[in-house]
Amino acid sequence: MTPAADPASPAETTAAPTTAAGATGAAPGGGAAPADSDLVRAARGLPVRRTPVWFMRQAGRSLPEYRALRAGTAMLQACQDADLVTEITLQPVRRHGVDAAILFSDIVLPLVVAGVDIEIKPGVGPVVATPVRSVADVDALPPLEPDRLDFLATAVRRLVAELGPTPLIGFAGAPFTLATYLIEGGPSKEHARTKAFMYAEPEAWSRLLDRLAVSAATFLRAQVDAGAAAVQLFDSWAGVLSAADYATRVLPHSRAVFDGLGPRDVPRIHFGVGTGELLALLGDAGADVVGVDWRVPLDEAARRVGPERSLQGNLDPAVLLADRATVDREVRRVVAQGRAARGHVFNLGHGVLPETDPGVLTSVVDLVHELAAG
Ligand code: CP3
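Asks: Even after reading the chapter, I still don't get the packing of helix α9 (residues 192–200) against helix α10 (residues 202–225), so can you show me in this structure?
Replies: Helix-helix packing is characterised by the crossing angle of the two axes and by the distance between the axes. Where α9 meets α10, the closest approach of the two axes is 5 Å, and the angle between their N-to-C directions is 115 degrees. Taken together, α9 and α10 sit at an angle that is classed as roughly perpendicular. Contacts between α9 and α10 involve T194, F197, M198, Y199 and A200 on the former and, on the latter, P202, A204, W205 and L208. Partitioned by chemical class, the residues of the contact of α9 with α10 number eight nonpolar, one polar and no charged.

Here it is as structure tokens:
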């Protein structure tokens, strides 16, 4: 099941020719080491050999091999099984030749590991048994003890050995987006209860986001210390906030997550959906790369974030369900508009939809690689 020949000695697999780079033997990211990969170079605004490409939610339900492996194992259980995490993370790298792997996990995992009662319901999302509705609820949240993350460090070390020159992206959920699940008790559209709590209980709000920032930073440090070459902070639902509220009530806490990385010199990607009005602020929170959804074209997004930051995005995931000519045209447009940015990491504007044909994803990778980098 696992590609690591012997999980007890992952270091020995480092030089194996059958790394996830695949049968071609070529490093998809171009470089000899993750730190010199096109992904890391684009994130830092350095010249690249090819525009790097990966897909949010590349590991998951669009792949039959994922569905086969996951059968009979609950999502949050799978996320804590180092063998499954390793194999599921590698699947899209092998199949599509993407320029980065993203750790198979979930944004709620740090809370779950700390002992919060959360379940991921298929087709629904994270559901919290006892939502956070008061200061007392905030204070009752258990802290995340770093020594509970041994399974994660094991999986990351094994992955880094398997991936060779292909970078592994570690990730965490940003304090605001995690707070929406804790306060609403599950997924929601308007996040009205979350905003009401933010306005009505500013001190409890700030304390909650502080705590979430600490656990997100612990989760990220564990991944980087085990060898992740970049990190992404998902603030998926921050786009429901005005720029003023985001700047004063959320950004400082997201900045605290990045600051929690200390001197660890890995590129920091920061992404949210519907964040057109927040793009500059997402950068100000401490990002090297700002992730953009499909609503704002990348040349305009480059103007908004300025010349100090790279961009990631932003093909509409729904385009992948359209005809080939449309996919081709839209990929070319995104690559062309991405040339306005300091550096461009090609991605979707949000996660891969489960009904996406995996063959289309592979053809997008090939096309992005054929087009000249900016
Ligand atoms: O490939 C990857 O991107 C890595 C794995 C990954 C997952 N979740 C696996 C997953 C990542 C990066 C996430 C992050 C995540 N989780 C976010 C931020 C990204 C985003 O989409 O905005 C959010 C908001 C969550 C919370 C969450 N977890 C949702 C909304 C869902 C979907 C529920 C559903 O079934 O539609 C999940 C479950 C989840 N996380 C799945 C996967 C592969 C599906 C569960 C399954 O396969 O049974």
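Asks: Looking at this structure, I do not really get the packing of aromatic side chains. What am I missing?
Replies: How two aromatic rings sit relative to each other is given by the distance of their centres and the angle of their planes. Tallied over the full model, the rule gives four aromatic pairs. Measuring from centroid to centroid gives 6.2 Å for F234 and F271, while their planes differ by 80 degrees, and the two rings are edge-to-face. Placement of F234 in strand β5 (residues 230–234) and of F271 in strand β6 (residues 268–271) is noted, with a sequence separation of 37 residues between them. Its relative accessible area of 0% is what places F271 among the buried residues. Joined through ring pairs, the aromatic side chains of F171, F234 and F271 make up one cluster.

Asks: Can you walk me through the environment of R332 in this structure?
Replies: Within the element layout of this structure, R332 appears in helix α14 (residues 324–338). R332 sits 17 residues away from L315 along the chain, and the two C-alpha atoms are 9.9 Å apart. Contacts of R332, omitting those with residues within four sequence positions, involve L367 and L371.

Definitions and limits used
Residues numbered from 1 in each chain as written. Predicted model: local features only at pLDDT ≥ 70, side-chain atom pairs only at ≥ 80, totals over all residues. Heavy atoms only, no water. Axes fitted to C-alpha atoms, helices over the stretch in contact; angles between N-to-C directions. Helix = DSSP H or I, 4+ residues; strand = E, 2+ residues; numbered from the N terminus. Parallel < 35°, antiparallel > 145°, perpendicular 65-115°, else oblique. Contact = heavy atoms within 4.5 Å. Nonpolar A, V, L, I, M, F, W, Y, C, P; charged D, E, K, R; others polar. Phe/Tyr/Trp six-rings, centres within 6.5 Å; stacked < 30°, edge-to-face > 60°. Buried < 20%, exposed > 50% of the residue type's maximum accessible area, 1.4 Å probe, protein only.

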